[in-house]
Every structure is written in structure tokens, then in C-alpha cells.
Amino acid sequence: MAQDMTLLWGSGSPPCWRVMIALEEKKLQGYNQKLLSFEKMEHKSQEVLDINPRGQLPSFKHGDTIVNESYAACFYLESQFKSQGNQLIPDSPAEQALMYQRMFEGLTFYEKLNAVIYYDWFVPEGERHDSALKRNKEALATELKLWDGYLQKLGSGTYLAGPSFSLADVTVFPTVATVFRFGLSAERYPKLGEYYALLKERPSIKASWPPHWLENTKGQDTLKDI
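A few points on the structure. (Residues numbered from 1 in each chain as written. Predicted model: local features only at pLDDT ≥ 70, side-chain atom pairs only at ≥ 80, totals over all residues. Heavy atoms only, no water.)

## Points about the state of the cysteines
Evaluation of the coordinates by the stated rule reveals 0 disulfides. Summary of cysteine pairing: C74 is not part of a disulfide, and the nearest cysteine sulfur, belonging to C16, is at 11 Å. (Disulfide = S-S within 2.5 Å.)

## Some thoughts on the nonpolar core
Note on soluble globular proteins: their nonpolar side chains tend to be buried together. With 65 residues, the main nonpolar core has L23, F60, L77, L144, F173 and L223 as its most contacted residues. Every element with two or more residues in this core is listed here: strand 1 (5-10), helix 1 (14-25), helix 3 (70-80), helix 4 (93-117), helix 6 (130-154), helix 7 (167-181) and helix 8 (190-199). The leading source of residues in this core is helix 7, at 9 residues. Domain assignment of the residues forming this core places at least three in each of domain 1 (2-81) and domain 2 (93-215). (Core = buried A, V, L, I, M, F, W, Y, C linked by side-chain atoms within 4.5 Å. Buried < 20%, exposed > 50% of the residue type's maximum accessible area, 1.4 Å probe, protein only. Helix = DSSP H or I, 4+ residues; strand = E, 2+ residues; numbered from the N terminus. Domains from an automatic or database assignment.)

## Details of the environment of N216
In this structure, N216 sits in the segment after helix 10 (211-215). The class for N216 is partly exposed, based on a relative accessible area of 40%. Among the polar contacts made by the side chain of N216, one reaches the main-chain amide nitrogen of K218 at a distance of 3.2 Å. (Polar contact = N/O pair within 3.5 Å; in protein donor to acceptor, adjacent residues only side chain to side chain.)

## Brief notes about the sheet that holds strand 3 (residues 59-62)
On the basis of which strands lie adjacent, the open sheet formed by 4 strands has the order 2-1-3-4 and mixed pairing. Here the strands that pair on one side only, and so sit at the sheet edges, are strand 2 (32-36) and strand 4 (65-66). One ladder, built from 2 bridges, connects strand 3 with strand 4; its direction is antiparallel. Across the sheet, K61 pairs through a bridge with I66, a residue of strand 4. Helix-sheet contacts for helix 1 involve strand 1, strand 2 and strand 3, and the interaxial angle to strand 1 is about 140 degrees. Contacts between helix 3 and the sheet are confined to strand 1, strand 3 and strand 4, with strand 3 contributing the most and set at about 25 degrees to the helix. (Pairing = 2+ DSSP bridges. Contact = heavy atoms within 4.5 Å. Axes fitted to C-alpha atoms, helices over the stretch in contact; angles between N-to-C directions.)

## What to know about the packing of aromatic side chains
Evaluation of the coordinates by the stated rule reveals 15 aromatic pairs. Pairing Y118 with F182 gives two aromatic rings, centres 6.4 Å apart and planes at 75 degrees, and the pair type is edge-to-face. Taken together, the residues span a long stretch of sequence, with Y118 in the loop between helix 4 and helix 5 (119-122) and F182 in the loop between helix 7 and helix 8 at a distance of 64 residues. Taking the centre distance of 5.5 Å and the plane angle of 75 degrees together, the rings of W147 and Y150 count as edge-to-face. Placement of the pair is W147 and Y150 together in helix 6, with a separation of 3 residues, close to one helical turn. Taking the relative accessible area as the measure of exposure, W147 reaches 1% and is therefore buried. Lying across the ring of Y150, R102 places its NZ or CZ 3.5 Å from the centre. Note that R202 overlies the ring of F165, its terminal NZ or CZ placed 3.7 Å from the centroid. (Phe/Tyr/Trp six-rings, centres within 6.5 Å; stacked < 30°, edge-to-face > 60°. Lys NZ or Arg CZ within 6 Å of the ring centre and 35° of its normal.)

Okay, here's the thing in C-alpha cells:
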């Protein structure tokens with residue numbers, strides 16, 4: 001099964017990492033994969049465009065089926081390999097509802113993070129303003145408090161949708177890991193810190209940890225004052 005799959009990905013990209021965690025959770029190791037460089041603009045190569053006309057990573061193919069959007073790929077893998085590996089959609093309607101809610105809120109979280117850490121990348125030099133970046137940082141701080149509150153309400157040692165690891169964790173954990181990689185204080189956001197510490201030891205997450213994070217464990221301090 002996994003031999004029929006191809007994943008083109010970039011190190012440290014949360015969308016790529018989501019798909020890799022899902023593949024690990026569904027016991028689909030051994031798929032064809034190729035690590036590409038964003039810095040070298042390899043995500044705009046013909047190899048990627050042949051699968052993904054948007055020129056984005058991840059680019060994912062299973063046989064003749066192409067599913068490039070990371071959330072769609074995660075749903076696809078759970079649906080196609082339901083009885084294999086770990087169940088990623090809870091049976092309980094309440095947990096399932098919370099899972100969907102947190103998954104899609106996770107897109108807002110990711111967007112607000114990118115607006116801070118990649119501000120200089122997204123905004124041309126002549127259009128950058130300190131006041132805009134300050135607003136983006138305030139919006140991210142509000143978002144982080146929200147997620148810290150969600151976890152506090154659920155209690156210690158829990159996942160985003162309750163007692164079971166689910167697609168909510170598959171899709172949102174890479175964003176959480178990125179905020180800590182960029183210097184977020186676990187003391188200031190203790191529940192997010194606990195959640196990060198709990199999940200980073202999970203086998204699927206350890207197996208798919210961004211290689212350049214392993215090479216350089218220091219990270220950055222962009223978010224240290226958030």
C-alpha cells in the first residue's frame with residue numbers, strides 16, 4: 001500500500017508534517033518520499049507542478065489519486081485505512097464534534113502564527129510597518145491564550161478533543177511545535193507547554209520530526225516576548 005504513495009515535502013512545514021504524522025499513525029511507513037528545499041524554490045519545480053499545479057508542498061499521490069491539501073490528505077488516509085493503525089476520528093459524537101472544531105480553528109491559529117514569523121517574507125519591504133507587525137503579534141497572543149484555555153478546561157494529560165489522540169492533534173500539533181521552535185515561553189502558556197511536552201514523545205511525531213530541527217536544536221527567539 002505505502003509503496004504506491006509518493007510525498008514531496010519540505011522540512012519544518014506544518015502542512016507537510018501533518019501528512020507525515022497521519023501516515024505514521026496509519027502504519028504506512030515505506031512510502032516514496034522526497035525532501036525538497038523551499039530556499040532553493042524546489043517547490044516550484046516541474047516535479048511538484050506535475051502533481052500540484054499550485055506549486056506547494058506537500059504534494060501527495062496515492063496510485064493515480066492526488067490529494068495535496070494537508071487536511072484533505074489526513075482525512076483521506078483515515079478514511080481509506082480506517083481499520084489500520086490508530087483510529088484518528090473518535091466514535092463519541094461529542095469528541096468528534098470537538099475534533100472537527102479544533103481542526104478548523106487550527107487553520108486560524110496557523111495563519112496568525114505565519115503573520116508574525118514570516119511577516120518579512122510575505123510583506124514587501126516598502127509596505128512593512130512596525131504597527132502592523134505589533135497588531136499581528138497581539139492577535140497571535142490572543143490566539144495562544146485561547147488554546148491554552150482550551151487545554152486547561154480539558155485537564156492535564158489530555159489531547160485537543162479529549163482523551164483520544166485524533167486528527168485534531170495530527171493537524172494542530174505541528175503549529176504548536178513551531179511556536180515553541182520560534183521561542184514561545186512555556187511558562188507564559190503552561191498548558192500549551194504541557195501539551196507540547198506530551199506529544200513530542202509520541203512515536204509518530206518523533207519519527208517525522210523536521211530533520212533540520214534535529215540538526216540545529218536551538219531554533220529562534222522571534223516569539224520570546226509574545
